[in-house]
Amino acid sequence: MFTSNKTVRKYIRFYGDVQAVGFRYYACKAADLYGVTGWVRNEYDGSVSMEIQGTERQIDDVIAALDRGTYIRIERMEVKKLDLISDERGFRVRY
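Presented here is an overview of the structure given in this document. (Residues numbered from 1 in each chain as written. Predicted model: local features only at pLDDT ≥ 70, side-chain atom pairs only at ≥ 80, totals over all residues. Heavy atoms only, no water.)

Description of the environment of Asp-83
With respect to the helices, strands and loops of the structure, Asp-83 is situated in the loop between strand E4 (73-82) and strand E5 (91-93). Sequence separation of Asp-83 and Lys-6 is 77 residues, and the distance between their C-alpha atoms is 13 Å. (Helix = DSSP H or I, 4+ residues; strand = E, 2+ residues; numbered from the N terminus.)

And the structure:
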């Protein structure tokens, strides 16, 4: 299977057991490991939002790493494609 090396940016909203389980911490660690940029934050409704930029493979690897988290249980995700941010550096928690 061919995986594109083209950089994309996505907004992802995660639902399930995603707050108070280390989700944001693991997201930052996985983002650093797989070389993506963006941010992650808790939402008032108990979900977690993320903007993530990298290749499809890198983004899939970050999500897979989160899904392997001990207490994290992703029930569903809403995904939207976004325009790239060309000068973004790093991945951080937003408040």
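Section: the packing of aromatic side chains
Scanning the entire structure with this criterion turns up 2 aromatic pairs. Its guanidinium or amino end placed over the ring of Tyr-15, Arg-76 lies 4.0 Å from that ring's centre, counting from NZ or CZ. The ring of Trp-39 has Arg-94 lying over it, and the distance from NZ or CZ to the ring centre is 4.4 Å. (Phe/Tyr/Trp six-rings, centres within 6.5 Å; stacked < 30°, edge-to-face > 60°. Lys NZ or Arg CZ within 6 Å of the ring centre and 35° of its normal.)

Observations regarding the environment of Glu-56
Topologically, Glu-56 is positioned in helix H2 (residues 56-67). With 50 residues separating them in the primary sequence, Glu-56 and Lys-6 have C-alpha atoms 7.7 Å apart.

Comments concerning the side chain of Thr-55
Following the sequence through the fold, Thr-55 ends up in strand E3 (residues 48-55). When neighbours within four sequence positions are excluded, Thr-55 is seen to be in contact with Ser-4, Asn-5 and Lys-6. (Contact = heavy atoms within 4.5 Å.)

What about the pattern of salt bridges?
Side-chain pairs of opposite charge can arise whenever the charged atoms involved come near each other. This structure, assessed with the given rule, holds 10 salt bridges. A salt bridge links Lys-10 to Glu-56; the nearest nitrogen and oxygen atoms lie 2.7 Å apart. In this pair, Lys-10 is assigned in strand E1 (residues 7-17) and Glu-56 in helix H2, connecting sequence segments 46 residues apart. We classify Glu-56 as partly exposed; its relative accessible area is 24%. In this structure, Asp-45 and Arg-13 form a salt bridge, with 3.2 Å as the shortest nitrogen-oxygen distance. Placement of the pair is Asp-45 in the loop between strand E2 (37-42) and E3 and Arg-13 in strand E1, with a sequence separation of 32 residues. (Salt bridge = Lys/Arg side-chain N within 4 Å of Asp/Glu carboxyl O. Buried < 20%, exposed > 50% of the residue type's maximum accessible area, 1.4 Å probe, protein only.)

A closer look at the sheet that holds E3
Consider a sheet: its strands pair through backbone hydrogen bonds, and that pairing is either parallel or antiparallel. Reading across the sheet, the 5 strands line up as E4-E1-E3-E2-E5 and stay open at both edges, with mixed pairing between neighbours. Among the strands making up the open sheet, the edge pair consists of E4 and E5. Each neighbouring strand pair of the sheet contributes to a mean axis angle of 20°, computed without reference to strand direction. Relative to E3, E1 is paired through 8 bridges, and the arrangement is antiparallel. (Pairing = 2+ DSSP bridges. Axes fitted to C-alpha atoms, helices over the stretch in contact; angles between N-to-C directions.)

Some thoughts on H2
With 12 residues, H2 should reach 16 Å at 1.5 Å per residue; the first-to-last C-alpha distance of 16 Å fits that figure. Along H2, the residues that are buried comprise Ile-59, Val-62, Ile-63 and Leu-66. On an axial view of H2, the arc spanned by its buried residues comes to 95°, and they lie on one face. For H2, the secondary structure elements touched by its buried residues are E1, helix H1 (23-34), E3 and E4. (Expected span 1.5 Å × (residues − 1). Arc of directions from axis to C-beta.)

Taken by themselves, the reported measurements are silent on function.
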